[in-house]
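# Survey of secondary and tertiary structure
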Amino acid sequence: MTLANLIHVQHLKEKLDKKERLTVIDVRFDLTDETYGYKVYQEGHIPTAIYLDLNKDLSRPVSKHGGKHPLPDLASFVDILGKHGINHHTKIVVYDDGRDMTAARLWWMLQAIGHRKVSILDGGLTAWKEAGLSLETRLPKQKPTVYKAKQTYRHTINIEELKEKLKNKAAILVDSRSKARYLGKIEPLYHKAGHIPGAKNYFWKDVFTDYGQYKSKAMLKQHFKQLPKDTPIIVSCGSGVSACPNIFALKKAGYDQIYLYPGGYSDWISYEDHRVETKEE
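Residues numbered from 1 in each chain as written. Predicted model: local features only at pLDDT ≥ 70, side-chain atom pairs only at ≥ 80, totals over all residues. Heavy atoms only, no water.

### Section: the packing of helix 4 (residues 102-112) against helix 9 (residues 243-252)
Packing of helix 4 against helix 9 leaves a shortest axis separation of 7 Å and a crossing angle of 65 degrees. Classified by the interaxial angle, the pair formed by helix 4 and helix 9 is roughly perpendicular. You can see that helix 4 and helix 9 cross each other, and the crossing is left-handed. Across the interface between the two elements, Ala 104, Arg 105, Trp 107 and Trp 108 of helix 4 pack against Cys 244, Pro 245, Ile 247, Phe 248 and Lys 251 of helix 9. Among the residues forming the contact of helix 4 with helix 9, the class breakdown is 7 nonpolar, no polar and 2 charged. (Axes fitted to C-alpha atoms, helices over the stretch in contact; angles between N-to-C directions. Helix = DSSP H or I, 4+ residues; strand = E, 2+ residues; numbered from the N terminus. Parallel < 35°, antiparallel > 145°, perpendicular 65-115°, else oblique. Left-handed = near helix turned anticlockwise from the far one by under 90°. Contact = heavy atoms within 4.5 Å. Nonpolar A, V, L, I, M, F, W, Y, C, P; charged D, E, K, R; others polar.)

In structure tokens form, the structure reads like this:
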């Protein structure tokens, strides 16, 4: 797995000014308004940035099982990358609004197929604008190429593997949703409230500072101090998206045995015989 790479807005600006060969990807998205991301991209984005949509490009269609944002099959994902002029050597910078989940989702997908040259813009577009840096509305054109993935998605856990590991206490499950959703006090998206039995709660937004940047390594080590480094950690959320900032932060804090349960809670409750818990664990 690649390192948790961050790039500062001024560093990215310098690279763009020097016309270094890299691809900037805007992945802004709002779960409550599926038109938001591309709309605001058209209104203004970081120069040269292309846009990828969480639902259309970074997920496959929803079915009965698999969760609300199932990973696209590998062939579809690399085809999308190739159509945007990205190959397996391309240096990539991804961004969202800052203190958000979609940049980490794409970072995770890329490193999971072996793409090592990928960084998240720390603070996202919010930090870019606060630095007084300009936006553009021009839609860039790319020369299509062929992306050759080094591997299929690695470091994932399916539901059967999850149940086996929980039964044998062979891994720790982290639920990345808010405490209120974890405890089943509210559930705005799904038909059943609560969490997967045995899951520990680490809210994904807690890995960011108040300014929308990732916390320091020391702060993240303190944040995750109750999690042992010698035990595999499976990270979940509602649908495999907000788990990704936690994965990024765990990597930054020095954890190595980290896996994503892409289906998340929405996949778990798609099986009627699966019970849920509403108490702190």
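### Some thoughts on the pattern of salt bridges
Evaluation of the coordinates by the stated rule reveals 12 salt bridges. A salt bridge links Asp 17 to Lys 13, with the nearest nitrogen and oxygen atoms 2.7 Å apart. Of the two residues, Asp 17 and Lys 13 both sit in helix 1 (residues 9-17), 4 residues apart, roughly one turn of that helix. Each of Asp 175, Arg 177, Arg 181 and Glu 187 takes part in one network of salt bridges that share partners. (Salt bridge = Lys/Arg side-chain N within 4 Å of Asp/Glu carboxyl O.)

### Re the environment of Tyr 147
Along the chain, Tyr 147 falls in the loop between helix 5 (124-130) and helix 6 (159-167). The sequence separation of Tyr 147 and Ile 86 amounts to 61 residues, and the corresponding C-alpha distance is 6.5 Å. Apart from residues lying up to four places away in sequence, Tyr 147 is in contact with Val 78, Leu 81, Gly 82, Ile 86, Asn 87, His 88, Ile 113 and His 115. Looking at Tyr 147, its side chain comes within polar contact range of the side chain of His 115, at 2.6 Å. (Polar contact = N/O pair within 3.5 Å; in protein donor to acceptor, adjacent residues only side chain to side chain.)

### A few points about helix 9
A turn of α-helix holds 3.6 residues, and therefore any two residues three or four places apart point the same way. Within helix 9, 9 of the 10 residues are buried, which leaves it mostly tucked inside the rest of the structure. Taken residue by residue, helix 9 has Ala 243, Cys 244, Pro 245, Asn 246, Ile 247, Phe 248, Ala 249, Leu 250 and Lys 251 as its buried positions. Directly after helix 9, the chain includes Gly 254, whose backbone phi takes a positive value near 100 degrees. (Buried < 20%, exposed > 50% of the residue type's maximum accessible area, 1.4 Å probe, protein only.)

### Points about unusual backbone geometry
Of note in this structure, Arg 99 is not a glycine but carries a positive phi near 50 degrees. Despite not being glycine, His 155 has its phi angle at roughly 60 degrees, a positive value. Along the chain, His 155 turns up in the loop between helix 5 and helix 6.

### Focus on the pairing of strand 8 (residues 233-236)
Here strand 8 shows a buried face lined by Ile 233 and Val 235 and a second buried face lined by Ile 234 and Ser 236. With 3 bridges joining them, strand 8 and strand 9 (residues 258-260) adopt parallel strand pairing. Bridge pairing in strand 9 links Ile 233 to Ile 258. (Pairing = 2+ DSSP bridges.)

What is shown is where atoms sit, not what they do.
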